[in-house]
Amino acid sequence: MFTPVLCVLVVLGMLGGGEAHSYHLGACPNIDPLPGFTMRKMLGIWYVIQKTGTASTCITYNFTQTEEPGEYLLEQNSQHFILGLTPLKHAYHYTGRLSIPDEAVPGKMKVKFPLNPAGSASYTVFMADYDTFAGIFTCQKLGFAHRQSATILSREKTLDQIYIDKIRSKLSAANIDPFELSIISQKGCPKKGENGTDINIDDETFTAGSVAGVIRKAGEKIGDGVEYVAGGAKKIYNKVTSGEDDGDKDNLMHATPNPDAEWLP
């Protein structure tokens, strides 16, 4: 049975992509991009083996090229942990755009996901052999703080521990805590054609009404309430203003809401 609190969590979870990031004071950590990185070799399906702070499962990435030179799409597919609390059988798709600002450093990109007109986040591929594993680090500056996310990818549903240890060691050397990464289950994932309801979050399909429609399909007559909540949910992300220089971590929870803030899955 849905409750008003769960309705809010569903909408926030969908807008936020299931958290998958952590907050820290100071500037973004500096991690060097992979020398000689070639995005063309990165294209295709990857399985997420570990990722910062998320309870979602069956996460995959699909990198595809667009018609624009130097621009790519990143589709993240998963079983969303919030919707997993409902009877809704689903596949959650969240698509962002990648760009390469400096062709001389192709491994250091920018990523922009839906509901983020305020700007984009850094997206650095710092390790990869293209055929087996890859390591990615994403970070967005928030005034005197930042939020970050690290991801370990594999071309298969499992990855040998030797590669996981190499990637985690690289993160640690850049002062990025590898113990913030969650282990992502790739077991019991729906097969092709078994997804049930497809939930697509991208620049064209996301609306409060579409979220409400998804909830209605779960068997509850609370769509109108979800539409109301979704209208305000876009404003909940807290952006720390650059004028604050004497705050602490508590300020992250009490900062002024920014209706145009970027959501980083």
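Residues numbered from 1 in each chain as written. Predicted model: local features only at pLDDT ≥ 70, side-chain atom pairs only at ≥ 80, totals over all residues. Heavy atoms only, no water.

Caption draft 1: Representation of unusual backbone geometry within the structure. Although it is not a glycine, cysteine 58 sits at a positive phi angle of roughly 55°. Checked against the element boundaries, cysteine 58 lands in strand 3 (residues 57-65). The class for cysteine 58 is buried, based on a relative accessible area of 9%. (Helix = DSSP H or I, 4+ residues; strand = E, 2+ residues; numbered from the N terminus. Buried < 20%, exposed > 50% of the residue type's maximum accessible area, 1.4 Å probe, protein only.)

Caption draft 2: The arrangement of the state of the cysteines in detail. For the structure on display, the rule yields two disulfides. At a sulfur-sulfur separation of 2.1 Å, the disulfide partner of cysteine 28 is cysteine 139. On the S-S bond that ties cysteine 28 to cysteine 139, the torsion sits near -90°, and the link is left-handed. Here the residue cysteine 28 occupies a position in the loop between strand 1 (22-25) and helix 2 (39-42), and cysteine 139 occupies one in strand 8 (residues 133-142), the gap between them amounting to 111 residues. Among the residues examined, cysteine 28 registers a relative accessible area of 28% and is labelled partly exposed. What pairs with cysteine 58 in a disulfide is cysteine 189, and their sulfur atoms sit 2.1 Å apart. The disulfide joining cysteine 58 to cysteine 189 has a torsion of about -95° about its S-S bond and is therefore left-handed. Separated by 131 residues along the polypeptide, cysteine 58 in strand 3 and cysteine 189 in the loop between strand 10 (181-183) and strand 11 (197-201) bring together distant segments of the chain. By sequence-ordered numbering of the bonded cysteines, the protein chain has its disulfides arranged as 1-3, 2-4. (Disulfide = S-S within 2.5 Å.)

Caption draft 3: Representation of the nonpolar core within the structure. Of all hydrophobic cores here, the largest spans 26 residues; its most connected members are Met42, Tyr61, Phe63, Tyr123 and Leu153. Mapped by element, the contributors of at least two residues to this core are helix 2, strand 2 (44-52), strand 3, strand 4 (71-79), strand 5 (90-99), strand 6 (108-112), strand 7 (121-128) and strand 8. Excluding residues within four positions of it along the chain, tyrosine 123 makes contact with Tyr61, Phe63, Leu74, Leu98, Gly107, Lys108, Met109, Lys110, Val111, Ile136, Phe137 and Thr138. Met127, Phe133, Ala150 and Ala174 belong to the second largest nonpolar core, which has 16 residues in total. (Core = buried A, V, L, I, M, F, W, Y, C linked by side-chain atoms within 4.5 Å. Contact = heavy atoms within 4.5 Å.)

Caption draft 4: Summary view of the side chain of threonine 151. Take threonine 151: it is sitting in strand 9 (residues 145-154). Only 3.2 Å separates the side chain of threonine 151 from the side chain of lysine 51, close enough to count as a polar contact. Those residues in contact with threonine 151, other than ones at most four positions away along the chain, are Val48, Gln50, Lys51, Tyr61, Ala134, Gly135 and Ile136. (Polar contact = N/O pair within 3.5 Å; in protein donor to acceptor, adjacent residues only side chain to side chain.)

Caption draft 5: How the structure looks around helix 3 (residues 161-173). Under the 1.5 Å per step criterion, the end-to-end length of helix 3 is 18 Å for 13 residues, consistent within 8% with the ideal 18 Å. If you check which residues of helix 3 are buried, you get Ile164, Ile167, Arg168 and Leu171. All buried residues of helix 3 lie within an arc of 95° about the axis, which places them on one face of the element. In helix 3, those exposed residues whose orientation departs by more than 90 degrees from the buried face are Ile162 and Ala173. For helix 3, the secondary structure elements touched by its buried residues are strand 2, strand 7, strand 8, strand 9 and strand 10. Following helix 3 by one or two positions, asparagine 175 has its phi on the positive side, about 65°. (Expected span 1.5 Å × (residues − 1). Arc of directions from axis to C-beta.)

Caption draft 6: Looking closely at the packing of aromatic side chains. Per the stated rule, a full pass over the model turns up four aromatic pairs. Centroid distance phenylalanine 133 to tyrosine 163: 5.0 Å. Interplanar angle 20°. Geometry classified as stacked. A residue pair is termed long-range when its members are at least 10 positions apart, and phenylalanine 133 in strand 8 and tyrosine 163 in helix 3 qualify at 30 residues. When its relative accessible area of 5% is taken as the criterion, phenylalanine 133 is described as buried. Positioned above the aromatic ring of phenylalanine 179, the side-chain terminus of arginine 168 is 5.3 Å from the ring centre. (Phe/Tyr/Trp six-rings, centres within 6.5 Å; stacked < 30°, edge-to-face > 60°. Lys NZ or Arg CZ within 6 Å of the ring centre and 35° of its normal.)

Caption draft 7: Representation of the environment of glycine 96 in the model. Examined against the element boundaries, glycine 96 turns out to sit in strand 5. In this structure glycine 96 comes out as buried when scored by relative accessible area, which is 1%. The spacing of glycine 96 and leucine 74 is 22 residues in sequence and 5.2 Å in space, taken between C-alpha atoms.

Caption draft 8: Summary view of the confidence of the model for the protein chain. Counting all residues, the mean pLDDT for the protein chain is 73, and 58% of those residues have values of 70 or more. Here helix 1 (residues 4-16) stands out as the least confident element of the protein chain, with mean pLDDT 39; helix 3 is the most confident, with 98. Taken together, the stretch residues 1-18 has pLDDT below 50 and engages in 47 contacts with residues farther than four places along the chain or on a different chain. Long-range and interchain partners of residues 221-265, a stretch whose pLDDT sits below 50, account for 106 contacts in this model, where long-range means more than four residues apart. (pLDDT = per-residue confidence, 0-100.)

Caption draft 9: Here's a closer look at the environment of glycine 53. The topology assignment puts glycine 53 in the loop between strand 2 and strand 3. The class for glycine 53 is partly exposed, based on a relative accessible area of 34%. Along the backbone, glycine 53 and phenylalanine 179 are 126 residues apart, and their C-alpha atoms lie at a distance of 9.6 Å.

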